[in-house]
Amino acid sequence: MNDSLQNFPWFNVDGEVPSLMRQLDWSVCAIGPPETWSQQLHTVVGLVLQSRSPAAIIWGQGLSTLYNDAYAAQLGDKHPAMLGKSFSAMWFEIWPEIGPIIDDAMAGKTSYFEDIPYMVEPAGIPTQRWYTSSFSPVIDYSGAVVGIYITAVETTRRMQAERRYAFQCELTERLRHLNASNDIAAAASELLGKHLGVGGVVYAEVDESGEVLTMKPDWTSGESRSMAGAVLRLDDFGPLVGEVVRAGKDLAIADVTADERSAAHATAYAELNVRSFMSIPLMKEGRLRAILNLHDSRPHYWTAHGIALAQDMVDRTWAAVENARTQSELRRERDQNQYIFDSMTEGFGLVDRDWTIVYMNAAGLRITQRAAHEVIGKNHWQVWPELIGTAVGDLFEKVKQTHTPQIVEVPYTFPDGKNGWIESRAYPSLDGGLAFFFRDITERKATQEKLQEADRRKDEFLAMLAHELRNPLAPIGAAAELLQIIKLDEERVRQTSQIIGRQVSHMTSLVDDLLDVSRVTRGLVELDNAPLDIRRVVGDAVEQVTPLIQSRRHHFALHLPPDTTIVKGDNKRLVQVIANILNNAVKYTPEGGNIVLKVDVHAAHVVIEVGDNGIGMSPELAARAFDLFAQAERSSDRSSGGLGLGLALVKSLVDLHGGTVACESAGLGKGSKFTVCLPRLVHEQSDTHRQNVDSYMRKDTHSLRILVVDDNVDAAAMLAMLLEASGHEVLVEHASRKALERAREEKPQVCLLDIGLPEIDGNELAQRLRAQPETAKSVLIAVTGYGQEQDRKQTLAAGFDHHLVKPVDTKKLAFLLAEVCRM
């Protein structure tokens, strides 16, 4: 920083730009160092920097430009590189438009422009923005123009809002005089295409199958051929495009040759002279009804403003087309009007110029919960006095006065006292009255609220996950630091090792829970179904949870049926279901509480109930106890631990078994009851003789020569120490090629290989070990952090005998090595 700058009035101005100016290398700027500036320039720069409105100063024939923070915010990625540079370089993309204005200002002319659109590139993408700006010449004491003072306020949001409103009004006016659906589609497409400046717009109707599109009369700028009348299948645009549109999601592709969703079909698009496109699907009653397509022969960056206009247009076009069809049907067969209107899902009514209700369809009577004799022939305001002075009442009055259609969404209290939401659309009628459509949108609004609630619970879960993962890291870190800084005796080392082991086991459990829920909810779990005695399943689950029950001194009662009762299912997963529910009861019941597990047998199903006298749940929480992340609300102090995934996993696994699970609670402090219902298998017998193999505990194993390959030096060293402590001879390598050479020389009986190795990954290394005679029959065990089903298939295909997930379960590894010893 140049200390001489402190003498200038703008030096102490706060802000990002003043800070940058204090550090700027002025020797590379045409304006020169501040020490050479005139007093007038210093004064103007000070005014610019202190202004809260976007302002800039251009100085000298080189058009050197300085600006303030508010102006910098409008430059996007151009700032701060353009600070002190030429104004023509700063706005090179619009220089043909503003260059003459700058020339006029340098000639002494003041200019003011309001809401002028420019196609600028603040982020490297051409974007239309509007500005209200002034250009005032700065004159020195001799009367010569030495610079230009600029103010430029971006008005894009207001202009887009005004243009959208103007477009809606123009569209409404254009369509209200049209009766034929083809004319409506053609007029709306032309209006939108010209407004957005694209190459073409086509409105397509979708058949009942949701797969076949019929193109209505379209509009093109002349750069591409018309698609009117064409019949296409949705998959003709590419499977990825079809998938998005079927889901009712908007799709905007700026360049079909570069976007992975369309690149494979770029040739087909090129035949239609389409380089970019946007598709807006229209879903009605859960079914795809229409698609609005906008396309251009050049890459086109679709803006939020353009997408919003297209969404509004397709909805209004659909409504206009539907209304036109209805009117056409009325003109052809007046005697069928009752059937037509009564078959609509939306409410429809007609009032005359005196506000007398002359017609209301069945859907309207159903939504308003009125009988026909209570409505027809009555004054609208007497039937619904609660609408006077409301948004709906004001809308009806406005339509009668202005003769223009209007739409509004408002909260509404139905006659039965239930609160909800109504969407109302009103249209002027020929006799001076009006026609109005309305529908109950309570479900849609509720869905929006549920999505917001789900997002909130997700955020709470992520915070809880961070908390749970940090907890075990503290003792692990402390233990590791303790081992480094002081010399410990064997007992202290063993104690420290046990602490690390317990915390690693806890973290592994958390990760396993996350992966388990992910696999189950995505349908990636295949059940190993077999006839099972439910008593054995319950007994195994109780055995797992008993230590926790005893540690909390709970009173546990178990009621099992006297006879064998068979269900069909996956033993491991059903034990997991019951153990999870029991764990839940144990955690949320204060010490010394009562827990009861009861199994009731019925003719076609088996009912398992787990009840407790614990903390209970509110009705709201009980209703979503099986939702993901529900524990975030139930136990904010985290005293119970865990991620709140257990019950979500229970629900998914019970569903996979064709059963049901429910939760009941009389309220907070009144305990909870969980009920699982499973289909019963009658006249089936299960194998009750299941082996519980603990052979890894045997001491009669002999020493093995084991090769450990892992590029993580610490991980390899710890695993080697563990194996050596068990009496095995261990060879360690950290690179695949050296491991191959070592294996040829030492001929290991077992190879423990990491998958994520550099140069040659673990799968390829396994294939090479199998190919060389010295290790062709060695037992290969994959040791990896990847534990999905597809990962296990890949390792088996590569030649591995076993697949272990990090951190390694030492008991399972010992069992495998014991098996090798007995071979």
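**Student:** Looking at this structure, I do not really get the overall build of the protein. What am I missing?
**Tutor:** Across its full length, the protein holds 26 helices and 29 strands. A buried classification covers 45% of the 823 residues belonging to the protein. Sequence-distant contacts, at least 24 apart, represent 58% of the contacts inside the protein between residues at least 6 apart. Entry remark: accessible area of the protein is about 41,700 Å², with carbon and sulfur atoms responsible for 51%.

**Student:** It is not clear to me how the pattern of salt bridges should be interpreted in this structure. Could you clarify?
**Tutor:** It is possible for side chains bearing opposite charge to pair when their charged atoms get close. The tally for this structure, following the rule as stated, stands at 34 salt bridges. In this structure, the salt-bridge partner of Lys284 is Asp315, at a minimum N-O distance of 3.6 Å. Of this pair, Lys284 sits in strand S11 (residues 276-284) while Asp315 is found in helix H10 (residues 304-332), placing the two residues 31 residues apart along the sequence. Here Asp315 falls in the partly exposed class, since its relative accessible area comes to 34%. Glu285 serves as the salt-bridge partner of Arg289, at 4.0 Å between the closest nitrogen and oxygen.

**Student:** How do you make sense of the packing of helix H17 (residues 534-551) against helix H18 (residues 571-587) when you look at a structure like this?
**Tutor:** What describes two packed helices is the angle between their axes and the distance between those same axes. Two elements in contact, H17 and H18, have axes separated by 8 Å at closest approach and are oriented at 35°. Classified by chirality, the crossing of H18 by H17 is right-handed. Contact with H17, carried on its side by Val537, Val538, Asp540, Ala541, Val542, Gln544, Val545, Leu548 and Ile549, involves Asn571, Leu574, Val575, Ile578, Ala579, Leu582, Asn583 and Val586 of H18 and no other residues of that element. Residues that form the contact of H17 with H18 fall into these classes: 13 nonpolar, three polar and one charged.

**Student:** Would you mind going over unusual backbone geometry with me for this structure?
**Tutor:** It is generally the case that most residues other than glycine have a negative phi and that most peptide bonds are trans. In this model, His79 is joined to Pro80 through a cis peptide bond whose omega is 10°. Along the chain, Pro80 falls in the loop between helix H3 (69-72) and helix H4 (87-90). One non-glycine residue with positive phi stands out, namely Leu63, at about 60°. Relative to the helices and strands, Leu63 resides in the loop between strand S1 (55-59) and strand S2 (64-67). Given a relative accessible area of 11%, Leu63 falls into the buried group. One non-glycine residue, Arg553, adopts positive backbone phi at about 55°.

**Student:** Explain the packing of aromatic side chains to me, please; I cannot follow it from the model alone.
**Tutor:** Ring pairs (aromatic) are described by centroid distance and by the angle formed between their planes. Inspection of the entire model under this criterion finds 13 aromatic pairs. Ring centres 6.4 Å apart and planes at 65° place the aromatic pair Phe87 and Trp95 in the edge-to-face group. With relative accessibility at 24%, the residue Trp95 sits in the partly exposed group. With centroids separated by 6.1 Å and ring planes inclined at 70°, the aromatic side chains of Phe113 and Phe135 adopt a geometry described as edge-to-face. Remark: Phe135 occurs in strand S4 (residues 127-139) and Phe113 occurs in strand S3 (residues 111-120); sequence separation between them is 22 residues. A network of ring pairs unites the aromatic residues Phe348, Tyr359, Tyr427 and Phe437 as a single cluster. Here the guanidinium or amino end of Lys400 rests over the ring plane of Trp355, the centre of that ring lying 4.4 Å away.

**Student:** Explain the sheet that holds S1 here, please?
**Tutor:** Backbone hydrogen bonds are what pair the strands of a sheet, in a parallel or an antiparallel way. Ordered by their spatial adjacency, five strands build an open sheet running S2-S1-S5-S4-S3, and the pairing between neighbours is antiparallel. Edge strands, defined here as strands with exactly one partner in the open sheet, are S2 and S3. Here the strands of the sheet are splayed against their neighbours by 30° on average, with no regard to which way each runs. Helix-sheet contacts for helix H6 (residues 156-175) involve S3, S4 and strand S5 (145-154), and the interaxial angle to S4 is about 135°.

**Student:** Could you clarify how one ought to interpret the sheet that holds strand S28 (residues 779-784) in this entry?
**Tutor:** Strand order in the open sheet formed by five strands is S26-S25-S27-S28-S29, with parallel pairing between adjacent strands. Edge positions in the sheet fall to strand S26 (729-733) and strand S29 (802-805), since each of these pairs with one other strand and no more. Strand-to-strand, the axes of this sheet are offset by a mean angle of 20°, without reference to chain direction. Both strand S25 (residues 705-709) and S26 contribute to a ladder of five bridges, which runs parallel. Its bridge partner lying in S26, Val709 is registered against Glu733. Strands in contact with helix H22 (residues 713-725) are S25, S26 and strand S27 (750-754); relative to S26, the strand with the most contacts, it is inclined by about 170°. Lying over the sheet, helix H23 (residues 736-746) contacts S25 and S26, oriented at roughly 150° with respect to S26.

**Student:** Sorry if this is basic, but what is going on with the environment of Glu16 here?
**Tutor:** Of note, Glu16 is situated in helix H1 (residues 16-23). In this structure, Glu16 is in contact with Asp69 and His79, ignoring residues within four places of it in sequence. Side-chain polar atoms of Glu16 contact the side chain of His79, separated by 3.1 Å.

**Student:** Help me understand empty space enclosed by the protein, please; the structure alone is not making it clear to me.
**Tutor:** Inspection of the entire model under this criterion finds six cavities of 30 Å³ or more. In this structure, the largest cavity is lined by 15 residues; those nearest its centre are Thr368, Leu387, Val392, Ile422 and Phe438. Looking at the lining of the largest cavity residue by residue, the classes come out as twelve nonpolar, three polar and no charged. Estimated volume of the second largest cavity: approximately 140 Å³. Lining the second largest cavity are Tyr71, Gln74, Phe87, Trp91, Ile94, Ile98, Tyr118, Tyr131, Ser133, Phe135, Ile150 and Ala152.

**Student:** Where do I start with the pairing of S29 in this structure?
**Tutor:** Both faces of the sheet carry side chains from a regular strand, because those side chains alternate between them. The sheet contact formed by S28 and S29 spans four bridges and is parallel. Bridge pairing in S29 places Ala782 opposite His803.

**Student:** What exactly am I supposed to notice about the environment of His802 here?
**Tutor:** With respect to the helices, strands and loops of the structure, His802 is situated in strand S29. Residues His802 and Leu816, 14 residues apart in the sequence, show an inter-C-alpha distance of 8.6 Å. In contact with His802, not counting residues within four places along its chain, are Val779, Leu780, Ile781, Ala782 and Leu816.

**Student:** Where do I start with helix H7 (residues 181-196) in this structure?
**Tutor:** Spacing of three or four residues puts side chains on the same side of an α-helix, whose turn is 3.6 residues. Here H7 is 16 residues long and its end C-alpha atoms lie 23 Å apart, about the 22 Å a rise of 1.5 Å per residue gives. Of the positions making up H7, those classed as buried are Ser181, Ile184, Ala185, Ala187, Ala188, Ser189, Leu191, Leu192, Gly193 and Leu196. One or two residues past the end of H7 sits Gly197, with phi positive at roughly 70°.

**Student:** What is the right way to look at the packing of helix H24 (residues 762-771) against helix H25 (residues 789-798) in this model?
**Tutor:** For the pair H24 and H25, interaxial distance at closest approach is 8 Å and the crossing angle is 25°. If you check the angle between H24 and H25, you find them roughly parallel. Contacts between H24 and H25 pair Asn763, Ala766 and Gln767 from the former with Gln794, Thr795 and Ala798 from the latter. Split into classes, the residues belonging to the contact of H24 with H25 amount to two nonpolar, four polar and no charged.

**Student:** For this particular structure, what's the right way to read helix H14 (residues 391-402)?
**Tutor:** End to end, H14 covers 16 Å across twelve residues, agreeing with the expected 16 Å (1.5 Å per residue, within 8%). Each element contacted by the buried residues of H14 is listed here: helix H13 (380-383), strand S15 (406-413), strand S16 (419-428) and strand S17 (434-440).

**Student:** Teacher, can you tell me more about the confidence of the model for the protein here?
**Tutor:** The predicted coordinates should not be examined in detail at positions where pLDDT is low. When pLDDT is averaged along the protein, the result is 84, and 88% of the positions lie at 70 or above. When the criterion is pLDDT under 50, residues 632-641 qualifies, and its contacts beyond four places in sequence or with other chains add up to 27 contacts. A low-confidence stretch, residues 684-700 stays under pLDDT 50, and its non-local contacts, those more than four residues away or across chains, total 23 contacts.

**Student:** Would you explain the pairing of S16 in this entry?
**Tutor:** Across eight bridges, the pairing between S15 and S16 is antiparallel. Among the inter-strand pairings, Val410 is bridged to a residue of S16, identified as Ile422. Between S15 and S16, which pair antiparallel one after the other, the connecting turn spans five residues, and Gly417 there sits at a positive phi close to 90°. In the sheet, S16 pairs with S17 via seven bridges, with the strands oriented antiparallel. Across the sheet, the residue bridging to Pro428 is Leu434, located in S17. In this antiparallel pair of consecutive strands, S16 and S17, the connection spans five residues, and Gly432 shows a positive phi of 90°.

Scoring rules and cut-offs
- Residues numbered from 1 in each chain as written.
- Predicted model: local features only at pLDDT ≥ 70, side-chain atom pairs only at ≥ 80, totals over all residues.
- Heavy atoms only, no water.
- Helix = DSSP H or I, 4+ residues; strand = E, 2+ residues; numbered from the N terminus.
- Buried < 20%, exposed > 50% of the residue type's maximum accessible area, 1.4 Å probe, protein only.
- Contact = heavy atoms within 4.5 Å.
- Areas by Shrake-Rupley, 256 points an atom, 1.4 Å probe, with all protein chains shown as cover.
- Salt bridge = Lys/Arg side-chain N within 4 Å of Asp/Glu carboxyl O.
- Axes fitted to C-alpha atoms, helices over the stretch in contact; angles between N-to-C directions.
- Left-handed = near helix turned anticlockwise from the far one by under 90°.
- Nonpolar A, V, L, I, M, F, W, Y, C, P; charged D, E, K, R; others polar.
- Phe/Tyr/Trp six-rings, centres within 6.5 Å; stacked < 30°, edge-to-face > 60°.
- Lys NZ or Arg CZ within 6 Å of the ring centre and 35° of its normal.
- Pairing = 2+ DSSP bridges.
- Polar contact = N/O pair within 3.5 Å; in protein donor to acceptor, adjacent residues only side chain to side chain.
- 1 Å grid on protein atoms, 1.4 Å probe; cavity = no way out; pocket = protein on both sides within 12 Å on 5 of 7 lines; lining within 4 Å.
- Points joined across faces, edges and corners; volume = space filled by probe spheres on them.
- Expected span 1.5 Å × (residues − 1).
- Parallel < 35°, antiparallel > 145°, perpendicular 65-115°, else oblique.
- pLDDT = per-residue confidence, 0-100.

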